[in-house]
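Inside the fold
This is what each chain is made of:
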Amino acid sequence: CAYTNHTILPEALERWPVSMLESILPRHLEIIYFINHLHMEEVKAKYGHDNFEKMKVLSCIEEDGEKRVNMAHLAIIGSHAVNGVAAIHSDLIKKTLFKNFYELWPHKFQNKTNGITPRRWL
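Now for a quick tour of the structure. As the structure is a computational prediction, the values presented were derived from the model and not from experiment.

**Here's the deal with the side chain of Asn70**
In this structure, Asn70 sits in strand E4 (residues 68-70). For Asn70, a relative accessible area of 2% corresponds to the buried category. At a separation of 3.0 Å, a polar atom in the side chain of Asn70 contacts the main-chain amide nitrogen of His73. If we ignore the near neighbours within four places in the chain, the residues touching Asn70 are Glu14, Arg15, Cys60 and Glu62.

This is the structure we're talking about:
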């Protein structure tokens, strides 16, 4: 599957409390933890076992304050491709919001648009 990001505002991306997932979807949370574990093993293999900052920014589990699942990170980890909604948007997510993921997996980041242009509407 592919992940299309629609916003570059970090505060607009969903972060679900682990406590909520534990009570409502405990098996899903187990699977998310397993996916993150495998992902962290890949991160350690590339950046070293003691690069805790890289592990922190690339994890889908946020541990600052209340533990949360970063759904955008989970989507990137689980997708074969990542793109923005326009070329400029795709470039921005590579340079800012998902820079660390782009450095890890540049081949995943692409640009696809829906083909709508103003002249088609005129």
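**Regarding the layout of surface pockets**
If a probe as big as a water molecule is rolled over the atoms, it shows which places are left empty. Quantified by volume, the largest pocket comes out at close to 190 Å³. Lining the largest pocket, in full, are Met40, Met55, Lys56, Val57, Ser59, Ile61, Glu62, Glu63, Asp64 and His73. When residues of the lining of the largest pocket are traced back to their parent elements, those giving at least two are helix H3 (52-58) and strand E3 (61-62). Take the lining of the largest pocket: its biggest share by element is three residues, from H3. For the lining of the largest pocket, the per-class residue count stands at four nonpolar, two polar and four charged.

What counts as what
- Residue positions are counted from 1 within each chain, in the order its sequence is given.
- Confidence filtering applies because this is a predicted model: local features only for residues at pLDDT of at least 70, side-chain atom pairs given and counted only at 80 or more, and all residues used for totals across whole chains, interfaces and linings.
- Values reported for side chains reflect all heavy atoms of the structure, with hydrogen atoms and water molecules removed beforehand.
- Secondary structure elements are taken from DSSP: a helix is a run of H or I of four residues or more, a strand is a run of E of two residues or more, and numbering for both begins at the N terminus.
- Three labels apply to residues, based on accessible area from a 1.4 Å probe with only protein chains included: buried if under 20% of the type maximum, exposed if over 50%, partly exposed otherwise in between.
- Any pair of nitrogen or oxygen atoms within 3.5 Å is treated as a polar contact; in protein, a donor-acceptor pairing is required on top of that, and neighbouring residues in sequence qualify only through side-chain atoms on both sides.
- The contact criterion used throughout is that any non-hydrogen atoms of two residues lie within 4.5 Å.
- As defined here, a cavity is a set of points on a 1 Å grid over the protein atoms alone where a 1.4 Å probe fits but cannot get out. A pocket is an open set with protein on both sides within 12 Å along at least five of seven lines, and residues line them when an atom is within 4 Å of a point.
- Grid points are joined across faces, edges and corners, and a volume is the space filled by probe spheres set on the points.
- Three classes are used, and their members are as follows: Ala, Val, Leu, Ile, Met, Phe, Trp, Tyr, Cys and Pro are nonpolar, Asp, Glu, Lys and Arg are charged, and the others, Gly among them, are polar.

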